[in-house]
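Residues per chain are reported as follows:
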Amino acid sequence: MPVICRTGCGKKAVLKRPKTGDALCKECFYRAFETEIHYTITKGNLFKRGDSVAIGASGGKDSTVLAYVLKLLNQQYDYGLNLMLLSIDEGITGYRDDSLETVKQNRDDYEMQLKILSYKDLYGWTMDEIVAQIGRKNNCTFCGVFRRQALDRGAAMLNVKCIATGHNADDIAETVLMNVLRGDIARLKRCTAISTGSEGTIPRVKPLKYTYEKEIVMYAHYKKLIYFSTECVFAPNAYRGHARALLKDMEKIRPSCIMDIIYSGETMAVKEEVSLPTLRNCVRCKFVSSQEICKACVLLEGLNKGLPKLGIGKSSKAKRMLAEYNSKQQTLLENGKQELDNNIAINNCSSNSKSCNSGLYSNENIELKESVGNKSKCCSGKCNNLNNKENVTSSKKINSLLKQYRINEKVLNSNHTSSNDNNEVDLLLTGQEGSCSETCGKISSLHLGF
Ligand code: SF4
Ligand code: ZN
């Protein structure tokens, strides 16, 4: 005997709702699914009339369903929202390149503006390149930190009021579990919030917070929505995967556990003496951070310095790594400077020996000078033609040293021609402090303040 839809509509039931166990027909399932999301939006005051909203779009089921349902509810309930899509291209071959094609399809189907920002453009690195450096253990740390900031950057470019993300009930329950397992109380407190964002930042909202993943899959299936379902090629080692497996096992026994875990996370009280981080702006990139320098900047600095593990793990370890790195760099620079000084002095004298007033050298002694290479035997820049810049730069050896130590020639020349007694040469191995721009995202040297 066919099962009749539980709502009493008289139609045949075609599915059992994972969240409630109700047998429903397709239309009643759609209505229940959409009405719950509408209720979540209105109860949580997620949007205001006239808001521009960026939907974080990955091409996956969650963001595709979110875009579809938000468009539908915006029309049905006249929210008055200006919806657009915002995608981040992490640079993961075989995953993101394909899923972005789905996002472009969503853009056309739902008639929404689409903005795509890539890690390569923002940070100078793709995830493929990062994984080649860091391996497949901490890749998601980089990816998650960079994505969070990339979404903020994209939202600022689109000038939107908020970012709607496709986080569903399963995602949030997993995060609660992960934070409990890690003892990360600060994140535990924040992770169940339906709307996040401190003053001066663009808030994130989660309209699918109470929507079960299984129902999202069902909805997309019955509505025949086009989405990308391949998992990230770097996903298997993610710590989240273990929390997910645990949750799925528990859901089989008791489906309501997802809502129960979220409820526990929402209502769990944090002791007053547990200090929570205060948010401020990163001194480098100006985006929100709980530290003087945000995690994205620290991770990026590590990558650019050839220390990809700099931002992973405890800050004491990072401090040690940085101290070792700085001491190696210092030695390298001192050696380079010494070698360069010797060669500049020799080059100036040997190429201009006719008019050298030092009396130390003559044409006949050039060979001797070069073989000795000793600054004390040279006039050390006191000869008449010392100010001749062309002579300074014409030396092949000096040019190769400049290249080797990446020393700015202009600085070298200006220092030498000023006859600075210390003969200080600015060594620009890592660029200049403060050259980071919010739009390019690239940073040069920085002093880490942990
Ligand atoms: Fe990035 Fe990890 Fe997600 Fe892949 S699984 S997209 S590497 S966070
Ligand atoms: Zn920063």
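Residues numbered from 1 in each chain as written. Chains lettered and ligands numbered in written order. Predicted model: local features only at pLDDT ≥ 70, side-chain atom pairs only at ≥ 80, totals over all residues.

(A) Highlighting the site of ligand 1. Inspection of the region around ligand 1 gives ten residues, with Cys140, Cys143, Cys232, Phe234 and Ala235 positioned closest. Here the shell around ligand 1 takes four residues from helix H6 (residues 139-158), the largest share from any one element. Its residues placed into classes, the shell around ligand 1 shows seven nonpolar, two polar and one charged. (Near = placed C-beta within 6 Å. Helix = DSSP H or I, 4+ residues; strand = E, 2+ residues; numbered from the N terminus. Nonpolar A, V, L, I, M, F, W, Y, C, P; charged D, E, K, R; others polar.)

(B) A look at helix H3 (residues 96-110). Spanning 15 residues, H3 covers 20 Å between terminal C-alpha atoms, matching the ideal 21 Å at 1.5 Å per step. Close packing links the buried residues of H3 with helix H2 (61-76), strand E4 (82-89) and strand E5 (113-118). A positive phi of about 50 degrees marks Glu111, the residue just after H3. (Expected span 1.5 Å × (residues − 1). Contact = placed C-beta atoms within 7 Å.)

(C) The arrangement of the pairing of strand E3 (residues 52-56) in detail. Within E3, four of the five residues are buried, which leaves it mostly tucked inside the rest of the structure. In this sheet, E4 lies alongside E3 in parallel orientation, the contact comprising five bridges. Residue pairing for E4: Gly56 is matched across the bridge by Leu86. Since E3 and E4 lie parallel, the crossover through H2 that links them has a hand, and here it is right-handed. (Buried ≥ 20, exposed ≤ 12 C-beta atoms within 10 Å, placed from the backbone. Pairing = 2+ DSSP bridges. Right-handed = clockwise from strand over helix to strand, strands pointing away.)

(D) Looking closely at the nonpolar core. Within the largest apolar cluster, 67 residues are counted, with the highest numbers of intra-cluster contacts made by Val53, Ile55 and Leu86. Non-local contacts of Ile55, meaning those with residues more than four positions away in its chain, are made with Ser63, Leu66, Ala67, Leu70, Leu83, Leu85, Leu86 and Ala164. By size, the runner-up hydrophobic cluster in this structure holds 15 residues, among which are Ala173, Cys191, Tyr210 and Ile262. (Core = buried A, V, L, I, M, F, W, Y, C linked by C-beta atoms within 7 Å.)

(E) The arrangement of the sheet that holds strand E6 (residues 162-164) in detail. With mixed pairing, the six strands of this open sheet are ordered in space as E5-E4-E3-E6-E8-E7. Only two strands of the sheet have a single partner each, and these edge strands are E5 and strand E7 (195-196). Pairing of E7 with strand E8 (residues 204-205) involves two bridges; the strand directions are antiparallel. Note on E8: the bridge partner recorded for Ser195 is Val205. In the packing of H2 onto the sheet, the strands contacted are E3, E4 and E6, and the crossing angle to E3 comes to about 155 degrees. (Axes fitted to C-alpha atoms, helices over the stretch in contact; angles between N-to-C directions.)

On their own, these measurements won't tell you what the molecule is for.
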